[in-house]
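Chain by chain, the residues:
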Amino acid sequence: MSEQHWFRREVLSLPAYVPGKEGMGHDVVKLASNETPFSALPAVQAVVAAEAGSLNRYPDMFATGLISDIARFHEWADDGIVVGNGSTSLIEQFLRAVVTPGGEVVLPWRSFEAYPIAIQAAGGRQVPAPLRSGAHDLEGMLGAITSDTRAVLLCSPNNPTGVALAHTELSEFLAQVPERVPVLLDEAYIDFVDMDDAVRSDELLREHPNLIVLRTFSKAYGLAGIRVGYGLGHPEMVAGLRAIGTPFGVNALAQIAASAALHSQEEVRARCGVIIQERRNLVAALAAHGIAVPASQANF
């Protein structure tokens, strides 16, 4: 039997995710994956080393300790938090949970290249709304919502342009999205935002039960190699994501590393400050050479 009969057509035609290249030598600076240039936080290194001997046991399936720490950090209820093996896995869980066969997902494009893959894998159909000067065309995205729309994806700051949404425009957008349509706001790079009218997603979450906000420990917290992210939402939204999650999906080291990183706010803020200043320096240097770039609020 040919392998083409084993899998769904959507799986066979999936575009490949292309990661940043590895093994290019010490004289090459790797920028393609937007990783932090700093090594793992001292507190993270300490707890990982201390707990390495206990890896013969399964992790806490419900990530109780980590969720409790996230809840205190955001002043959000425990039952409104879901953790995953990186925020990308939560994007996949979200789409598997809400997309029906052939259902439409409205997204900005160009944006995170994992979105189209996850949409197609979930059996959905992407409806891309082209960017305007590197920014979301929110009016165009609203116009793309139909009776077949199963979800809307937002990415702020947007990957790969770095342009961030403003709180006012996002609030106005969400007020016009039908409540039956769930909205995912991917804030992987939120820790590098330094702008007026920055998105206050905690306020938006309280106003819109159809909103889920994703965060990651991969970027500002420097845990890209250990994979852990989380989502904030209303309990009804989070319950669906938890139900479809992989049992023991977040490994033990990821859970304790994320908690240690979350408690290292002073060091994390200092590192983000360095990157923000270097971003300003780079933009100014490019402008001095007549090179125009989008107004990035990310670490790239």
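Below or above, wherever it landed, is the structure these notes cover. Keep in mind that what you see is a predicted model, and the values were worked out from it rather than measured. (Residues numbered from 1 in each chain as written. Predicted model: local features only at pLDDT ≥ 70, side-chain atom pairs only at ≥ 80, totals over all residues. Heavy atoms only, no water.)

## Quick word on unusual backbone geometry
Across the chain, the bulk of peptide bonds are trans and the bulk of non-glycine residues have phi less than zero.
Working step 1: The omega angle of the peptide bond from W109 to R110 is 20 degrees, so this bond is cis rather than trans.
Working step 2: Among the secondary structure elements, R110 is positioned in the loop between β2 (104-109) and α5 (114-121).
Working step 3: Note that the residue after N159, namely P160, is joined by a cis bond; omega there is 25 degrees.
Working step 4: Note that P160 resides in the loop between β4 (149-155) and α7 (167-176).
Working step 5: For N34, which is not glycine, the phi dihedral falls at a positive 60 degrees.
Working step 6: Relative to the helices and strands, N34 is located in the loop between α1 (9-12) and α2 (42-51).
Working step 7: Overall, the relative accessible area of 10% leaves N34 in the buried class. (Helix = DSSP H or I, 4+ residues; strand = E, 2+ residues; numbered from the N terminus. Buried < 20%, exposed > 50% of the residue type's maximum accessible area, 1.4 Å probe, protein only.)

## Regarding the nonpolar core
Working step 1: Formed by 55 residues in total, the largest nonpolar core has its most connected members in V152, L154, L170, F173, F217, L223 and V228.
Working step 2: If one sorts the elements of this core by residue count, helix α10 (residues 252-262) sits on top with seven residues.
Working step 3: When residues no more than four places from it in sequence are discounted, the contact partners of F173 are L138, M141, L142, V152 and L154.
Working step 4: Formed by 24 residues, the second largest nonpolar core is a distinct cluster that contains F94, L95, V99 and L241. (Core = buried A, V, L, I, M, F, W, Y, C linked by side-chain atoms within 4.5 Å. Contact = heavy atoms within 4.5 Å.)

## Brief notes about the sheet that holds strand β6 (residues 211-216)
Working step 1: With respect to topology, seven strands assemble into an open sheet ordered β1-β7-β6-β5-β4-β2-β3, the strand pairing being mixed. Of all strands in the sheet, those with a lone pairing partner are β1 (81-84) and β3 (125-130), marking the two edges. Adjacent strand axes in the sheet meet at a mean angle of 25 degrees when their direction is disregarded.
Working step 2: Here strand β5 (residues 183-186) runs beside β6; their pairing, made up of four bridges, is parallel. Directly across from L185, in β6, lies its bridge partner V213. (Pairing = 2+ DSSP bridges. Axes fitted to C-alpha atoms, helices over the stretch in contact; angles between N-to-C directions.)

## Structural notes on the pattern of salt bridges
Working step 1: Tallying each qualifying case throughout the model produces eight salt bridges.
Working step 2: Salt-bridge contacts for E187 lead to R215; the nearest nitrogen and oxygen are separated by 2.9 Å. With E187 in the loop between β5 and α8 (201-207) and R215 in strand β6, this pair connects stretches of sequence that are 28 residues apart. An identical accessibility class is assigned to E187 and R215; each is buried. (Salt bridge = Lys/Arg side-chain N within 4 Å of Asp/Glu carboxyl O.)

## Considerations on the packing of α2 against α10
Working step 1: Remark: α2 packs on α10, axes separated minimally by 8 Å, with the N-to-C direction vectors making an angle of 150 degrees. Relative to α10, the element α2 is oriented roughly antiparallel. Like other packed secondary-structure pairs, α2 and α10 cross with a definite hand, here right-handed. Taken together, the residues of α10 that come into contact with α2 (itself represented by A43, V44, V47, V48 and E51) are L253, I256, A257, A260 and A261.
Working step 2: Partitioned by chemical class, the residues of the contact of α2 with α10 number nine nonpolar, no polar and one charged. (Parallel < 35°, antiparallel > 145°, perpendicular 65-115°, else oblique. Left-handed = near helix turned anticlockwise from the far one by under 90°. Nonpolar A, V, L, I, M, F, W, Y, C, P; charged D, E, K, R; others polar.)

## Focus: the side chain of Q120
Working step 1: Considering the arrangement of structural elements, one finds Q120 in helix α5.
Working step 2: When near neighbours in sequence (up to four residues on either side) are disregarded, Q120 contacts R8, E10, S13, L14 and P15.

## A look at the packing of aromatic side chains
Working step 1: Counted according to the given criterion, the structure contains six aromatic pairs.
Working step 2: Measuring from centroid to centroid gives 6.3 Å for W6 and F7, while their planes differ by 75 degrees, and the two rings are edge-to-face.
Working step 3: Measuring from centroid to centroid gives 5.1 Å for Y189 and F300, while their planes differ by 80 degrees, and the two rings are edge-to-face. Highlighted residues: Y189 in the loop between β5 and α8 and F300 in the segment after α11 (265-288), separated in sequence by 111 residues.
Working step 4: Residue F300 is classed as partly exposed on the basis of its relative accessible area, which comes to 27%.
Working step 5: An aromatic cluster is built from F217, Y221 and Y230, whose rings are joined through pairwise contacts. (Phe/Tyr/Trp six-rings, centres within 6.5 Å; stacked < 30°, edge-to-face > 60°.)

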